[in-house]
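An overview of the molecular structure
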Amino acid sequence: MALAIDSAFITGPMAHEGPAAIVTDVDSTFITTEVIEMLAAHAGVEDEVREVTTAAMRGELDFAESLAHRVAKLAGVPASVFADVLRDVQLTEGATRLLDAVHAHGGKFGLVSGGFSEVVGPLADSAGVDRFVANGLEVHDHTLTGRTRGPVIDSAAKVEAIERWEREWGLAPQMVLCAGDGANDLPMMARAGLGVAFQGKDVVRENADCAINFARLDAIAALVGWDIHG
């Protein structure tokens with residue numbers, strides 16, 4: 001069956017060996033939804049938050065400012081919401097197969113998220129992801145305060161995390177494949193050996209090395225020539 005991949009041209013060591021590491025965004029890439037919208041549903045502001053999220057992913061808003069605006073809407077939500085969201089989160093079809101394929105080829109898998117470690121952390125642990133980075137949500141008296149904690153994981157922080165992992169794993173950037181759907185994923189994709197727009201916004205598809213426009217994450221494995229059916 002033909003895969004709906006717009007184009008892909010891989011050169012250098014990755015063309016012969018495949019990626020030594022794959023790093024993906026989380027929301028609407030590794031998982032099917034946007035966690036902040038799931039959290040917002042519990043605050044009764046899902047539609048408003050979705051509108052801001054969509055604009056930010058198109059590159060129309062500053063990510064850090066849009067994050068602060070959206071997180072402020074979560075003030076007063078019980079921290080027990082994390083368990084509810086974790087229960088409802090669904091991995092994108094093929095995510096586990098891609099993760100298994102990377103590990104079968106001796107590689108690493110990382111997640112970089114503008115979402116939240118309270119959800120991404122347990123998700124990464126259960127899936128067997130090697131490394132992750134995400135924002136934290138401030139909690140006081142078992143209630144979300146409407147503020148983040150720690151450094152904001154924006155596009156620059158995603159790149160910094162990948163650079164740190166590359167040093168740790170002894171890898172050159174050209175051996176790392178990065179995939180995502182939003183404008184804040186473009187810097188990490190630009191420096192990668194291959195940048196893949198996964199069901200990306202228009203600006204992402206226009207600037208990525210290649211695009212996958214259907215919801216199977218393991219299409220990335222086929223893209224780099226890995227047999228995942230054996």
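Values in this document were obtained by computation on a predicted structure and should not be read as measured data.

Concerning the pattern of salt bridges
- Across all of its chains, the model carries 19 salt bridges by this definition.
- Across the pair Asp25 and Lys158 runs a salt bridge whose closest N-O atoms are separated by 3.3 Å. Of this pair, Asp25 sits in the loop between strand 1 (21-24) and helix 2 (26-30) while Lys158 sits in helix 9 (residues 155-169), and the two are 133 residues apart along the sequence. Neither residue differs from the other here; Asp25 and Lys158 are each classed as buried.
- Ionic pairing is found between Arg50 and Glu46, a salt bridge with its closest N-O pair at 2.7 Å. Linking Arg50 with Glu46, this pair stays in helix 4 (residues 46-57), spanning four residues, or about one helical turn.
- The structure contains a network of salt bridges with shared partners spanning Glu37, Glu46, Asp47 and Arg50.

Observations concerning the environment of Thr53
- Here Thr53 is to be found in helix 4.
- Assessed through its relative accessible area of 2%, Thr53 is described here as buried.
- Expressed as a C-alpha distance, the spacing of Thr53 and Leu91, which sit 38 residues apart in the sequence, is 20 Å.

Topic: the sheet that holds strand 1
- Within the open sheet, the seven strands sit side by side as 4-3-2-1-5-6-7. Their pairing is mixed. The open sheet terminates on both sides in strands that have one partner only, identified here as strand 4 (143-149) and strand 7 (210-212). Averaged over all pairs of adjacent strands, the angle between their axes in this sheet comes to 25°, without regard to strand direction.
- Taken together, the four bridges between strand 3 (residues 131-140) and strand 4 define a ladder with antiparallel strand orientation. What sits directly across from Val139, in strand 4, is Leu144.
- This element, helix 8 (residues 117-127), spans strand 2 (108-116), strand 3 and strand 4 of the sheet and lies at about 140° to strand 3.

Thoughts on the UniProt feature "active site" (unreviewed entry) in the protein chain
- When the UniProt feature table is mapped to this numbering, "active site" (unreviewed entry) covers Asp25 and Asp27.
- Beyond its immediate chain neighbours, meaning those up to four positions away, Asp25 contacts Phe30, Leu111, Val112, Ser113, Lys158, Ala179, Gly180, Asp181, Asp185 and Met188.
- A polar side-chain atom of Asp25 sits 3.5 Å from a polar atom in the side chain of Thr29.
- If you trace the backbone, Asp27 turns up in helix 2.
- For Asp27, a relative accessible area of 6% corresponds to the buried category.

Structural notes on the packing of helix 3 (residues 35-43) against helix 4
- Two elements in contact, helix 3 and helix 4, have axes separated by 8 Å at closest approach and are oriented at 160°. Relative to helix 4, the element helix 3 is oriented roughly antiparallel. For the pair helix 3 and helix 4, the crossing hand works out as right-handed. Between helix 3, through Ile36, Glu37, Ala40 and Ala41, and helix 4, the contact on the second element is made entirely by Glu46, Val49, Arg50 and Thr53.
- A class-by-class count of the residues in the contact of helix 3 with helix 4 yields four nonpolar, one polar and three charged.

Re the side chain of Thr24
- Position of Thr24 among the secondary structure elements: in strand 1.
- Excluding residues within four positions of it along the chain, Thr24 makes contact with Thr29, Phe30, Phe109, Gly110, Leu111, Val112, Ala179 and Met188.

Thoughts on the packing of helix 3 against helix 6 (residues 81-88)
- Running from N to C, helix 3 and helix 6 cross one another at 125°; their axes reach a closest spacing of 10 Å. It follows from the interaxial angle that helix 3 and helix 6 lie oblique. Crossing angle aside, the handedness with which helix 3 passes helix 6 is right-handed. Residues Val35, Met38, Leu39 and His42 of helix 3 touch helix 6, and the partners they reach there are Val81, Phe82, Asp84, Val85 and Asp88.

Parameters and conventions
Residues numbered from 1 in each chain as written. Predicted model: local features only at pLDDT ≥ 70, side-chain atom pairs only at ≥ 80, totals over all residues. Heavy atoms only, no water. Salt bridge = Lys/Arg side-chain N within 4 Å of Asp/Glu carboxyl O. Helix = DSSP H or I, 4+ residues; strand = E, 2+ residues; numbered from the N terminus. Buried < 20%, exposed > 50% of the residue type's maximum accessible area, 1.4 Å probe, protein only. Pairing = 2+ DSSP bridges. Axes fitted to C-alpha atoms, helices over the stretch in contact; angles between N-to-C directions. Contact = heavy atoms within 4.5 Å. UniProt positions renumbered as here; feature names shortened; annotations may be inferred. Polar contact = N/O pair within 3.5 Å; in protein donor to acceptor, adjacent residues only side chain to side chain. Parallel < 35°, antiparallel > 145°, perpendicular 65-115°, else oblique. Left-handed = near helix turned anticlockwise from the far one by under 90°. Nonpolar A, V, L, I, M, F, W, Y, C, P; charged D, E, K, R; others polar.

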